[in-house]
Amino acid sequence: SNMHNKLINELQKRQIITKTKEFDITPDLIVECSKVYLELSNTKAKKVSLGDLRYNVKLLCLSLIKFKQENKLPIKEGFIYFIANKAWPNYFKIGMSANPKKRLANYQTYSPFRDYTMLHWSFWFDRKEGEKFVHSLYQDRDHEWVKLPQRKLNKIFEQINKLSGLEHLVQKVNKEIINAPIV
């Protein structure tokens, strides 16, 4: 998107990231990038929705990962996702990807109904460790497919966001930059 390009260009101009130097996506980097993003988008929040802030932090991480991919820099960060298909109620695929939206598109090619849905995607500083950890939480599992009651999913996703560090990240971005009440 246009904002992604503007942000990446500005981050490079300020030498926060470069095409040749390896870097890890850290909480401090995310805070720094969030500041630049807010400057570019010229936003002043009076109140901030937790869902919107969480989504923006994930998109920022996705932008940084895409930058790493394009420049062939090593990537250990990524996303743990839950994908479902109504053909198999209560079964969920838990996987990892540097780009969960692209992964979902891949799944759709295997269904004539294009009926896979992304239920959850959370950012992890180490996607391989994150996936291993999330898989270890479930005994009723066949490789990457788990059987879970639908009614527990929101609780599970909240827990995973906390375990991944995403909630901490969101709070840090708000505290250090936006400083608005979360609604």
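For the structure itself, look to the data block above.
Since we're looking at a predicted model, the values are computed, not measured. (Residues numbered from 1 in each chain as written. Predicted model: local features only at pLDDT ≥ 70, side-chain atom pairs only at ≥ 80, totals over all residues. Heavy atoms only, no water.)

Student: Now, about the sheet that holds strand β3 (residues 116–124): what can you tell me, with residues and values included?
Tutor: Strand order in the open sheet made by the five strands is β3-β1-β2-β5-β4, with antiparallel pairing throughout. Pairing within the sheet leaves two strands with one partner each, and these edge strands are β3 and β4 (141–142). Two elements, strand β2 (residues 91–97) and strand β5 (residues 145–147), share three bridges in a ladder whose sense is antiparallel. Residue pairing across strands places K93 opposite W145, the latter belonging to β5. Against the sheet, helix α4 (residues 100–108) contacts β1 (78–85), β2 and β3, and its axis sits at roughly 155° relative to β3. (Pairing = 2+ DSSP bridges. Helix = DSSP H or I, 4+ residues; strand = E, 2+ residues; numbered from the N terminus. Contact = heavy atoms within 4.5 Å. Axes fitted to C-alpha atoms, helices over the stretch in contact; angles between N-to-C directions.)

Student: Can you break down the packing of aromatic side chains residue by residue, with the values?
Tutor: One pass over the structure, following the stated rule, counts 10 aromatic pairs. A ring pair is formed by F79 and F123, whose centres lie 5.7 Å apart and whose planes are at 70°; its orientation type is edge-to-face. A residue pair is termed long-range when its members are at least 10 positions apart, and F79 in strand β1 and F123 in strand β3 qualify at 44 residues. For the residue pair F79 and F123, the accessibility class agrees, reading buried in each case. Centroid distance F82 to F157: 5.0 Å. Interplanar angle 75°. Geometry classified as edge-to-face. Of the two residues, F82 is situated in strand β1 and F157 in helix α6 (residues 153–164); the sequence distance between them amounts to 75 residues. When sorted by exposure, F82 lands in the same class as F157, which is buried. (Phe/Tyr/Trp six-rings, centres within 6.5 Å; stacked < 30°, edge-to-face > 60°. Buried < 20%, exposed > 50% of the residue type's maximum accessible area, 1.4 Å probe, protein only.)

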